[in-house]
Amino acid sequence: NAKTLDYIIGGIFMKKTTPKFIKPLIFILIALVIIGVFYYCSRKKVDNNEEIAAEDEISVIVNRDLTLNYPSTPKSVVTFYSEIIKTIYKTEHTDEQLQALAGQARGLFDEELLKHNEYSAYMDRLRAEVKSYKDAGRFISGYQIEDGYNIEYIKSEGKEYAKVNVKYYVRE
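Residues numbered from 1 in each chain as written. Predicted model: local features only at pLDDT ≥ 70, side-chain atom pairs only at ≥ 80, totals over all residues. Heavy atoms only, no water.

1. Focus: the layout of surface pockets
Summary: where empty space remains is shown by rolling a probe the size of a single water molecule over the atoms.
Point 1. The calculated volume of the largest pocket comes to roughly 540 Å³.
Point 2. Along its surface, the largest pocket is lined by 15 residues, and Val77, Leu108, Asp110, Leu113 and Ala162 are the ones closest to its centre.
Point 3. Secondary structure elements with two or more residues in the lining of the largest pocket: α3 (74-90), α5 (111-116) and β3 (159-163).
Point 4. Classifying every residue of the lining of the largest pocket gives eleven nonpolar, no polar and four charged. (1 Å grid on protein atoms, 1.4 Å probe; cavity = no way out; pocket = protein on both sides within 12 Å on 5 of 7 lines; lining within 4 Å. Points joined across faces, edges and corners; volume = space filled by probe spheres on them. Helix = DSSP H or I, 4+ residues; strand = E, 2+ residues; numbered from the N terminus. Nonpolar A, V, L, I, M, F, W, Y, C, P; charged D, E, K, R; others polar.)

2. Some thoughts on the packing of α3 against helix α4 (residues 95-107)
Point 1. Running from N to C, α3 and α4 cross one another at 160 degrees; their axes reach a closest spacing of 10 Å. With respect to α4, the element α3 is oriented roughly antiparallel. The element α3 and its partner α4 pack so that their crossing is left-handed. On the side of α3, the interface is formed by Phe80, Tyr81, Ile84, Thr87 and Ile88, while α4 contributes Leu98, Leu101, Ala102, Gln104 and Ala105.
Point 2. Tallied by class, residues from the contact of α3 with α4 come to eight nonpolar, two polar and no charged. (Axes fitted to C-alpha atoms, helices over the stretch in contact; angles between N-to-C directions. Parallel < 35°, antiparallel > 145°, perpendicular 65-115°, else oblique. Left-handed = near helix turned anticlockwise from the far one by under 90°. Contact = heavy atoms within 4.5 Å.)

3. Comments concerning the nonpolar core
Point 1. The biggest cluster of nonpolar side chains holds 21 residues, and the ones touching the most others in it are Ile84, Ile88, Tyr89, Tyr122 and Leu126.
Point 2. If you list the elements that add at least two residues to this core, you get α2 (22-62), α3, α4 and α6 (119-136).
Point 3. When residues in this core are grouped by element, the largest group, six residues, is from α3. (Core = buried A, V, L, I, M, F, W, Y, C linked by side-chain atoms within 4.5 Å. Buried < 20%, exposed > 50% of the residue type's maximum accessible area, 1.4 Å probe, protein only.)

4. A look at the side chain of Thr87
Point 1. Here Thr87 lies in helix α3.
Point 2. With sequence-adjacent residues up to four places away left out, Thr87 is seen in contact with Glu57, Ile58, Ile61, His93 and Leu101.

5. Observations regarding the pattern of salt bridges
Oppositely charged side chains may form a pair once their charged atoms are brought near each other.
Point 1. For the structure on display, the rule yields five salt bridges.
Point 2. Taking the shortest distance from any N to any O, the salt bridge between Asp95 and Arg127 comes out at 2.8 Å. On the criterion of sequence distance, the pair formed by Asp95 in helix α4 and Arg127 in helix α6 is long-range, its members being 32 residues apart.
Point 3. Its salt-bridge partner being Lys131, residue Asp135 comes within 2.7 Å of it at the nearest N-O pair. Here the residue Asp135 and the residue Lys131 both occupy positions in helix α6, the gap between them amounting to four residues, near one helical turn. Each member of the pair Asp135 and Lys131 is classed as exposed.
Point 4. One connected set of salt bridges, linked through shared partners, spans Asp95, Asp124 and Arg127. (Salt bridge = Lys/Arg side-chain N within 4 Å of Asp/Glu carboxyl O.)

6. Points about α6
Point 1. Between its first and last C-alpha, α6 extends 26 Å over 18 residues, near the 26 Å set by a 1.5 Å rise per residue.
Point 2. The elements touched by buried residues of α6 are α3, α4, β1 (139-145) and β4 (166-171).
Point 3. At the exit of α6 stands Gly137, carrying a positive phi of roughly 75 degrees. (Expected span 1.5 Å × (residues − 1).)

Structure below.
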């Protein structure tokens, strides 16, 4: 079979007077073209997968219905909020996506916190801070929430609060 392939390639591309070093050169060139095409196609798919992953990360957060699926514990509220914050500061997004992510974050706020964070002022601060992070090449790469045993419950003025400590990891 190798002899047949050699005959086909030799018959199509070369005359009998062609020097012997030309055949290996043609095989090497064909191999390089195949490797180049494979490399180009595989790199293109990786970039596409990263875009899809970022889009999926945003859509998973935005599509969560907080009226039906509000986090049940203080730790899970902080976990979801931290996931939103990490996504805002780490992924590329449009202004519409930023507004949707901010809407989900505000959906976790109680009435008192919403009163202190009027929507337009909140969005202006958020856009400015995200731009500052992007300009400096910074992003939130991860976070760590203390376990449930270290949550501190506080009562103040007839209201109950939970204090949950979170560490955010910022990369530059």
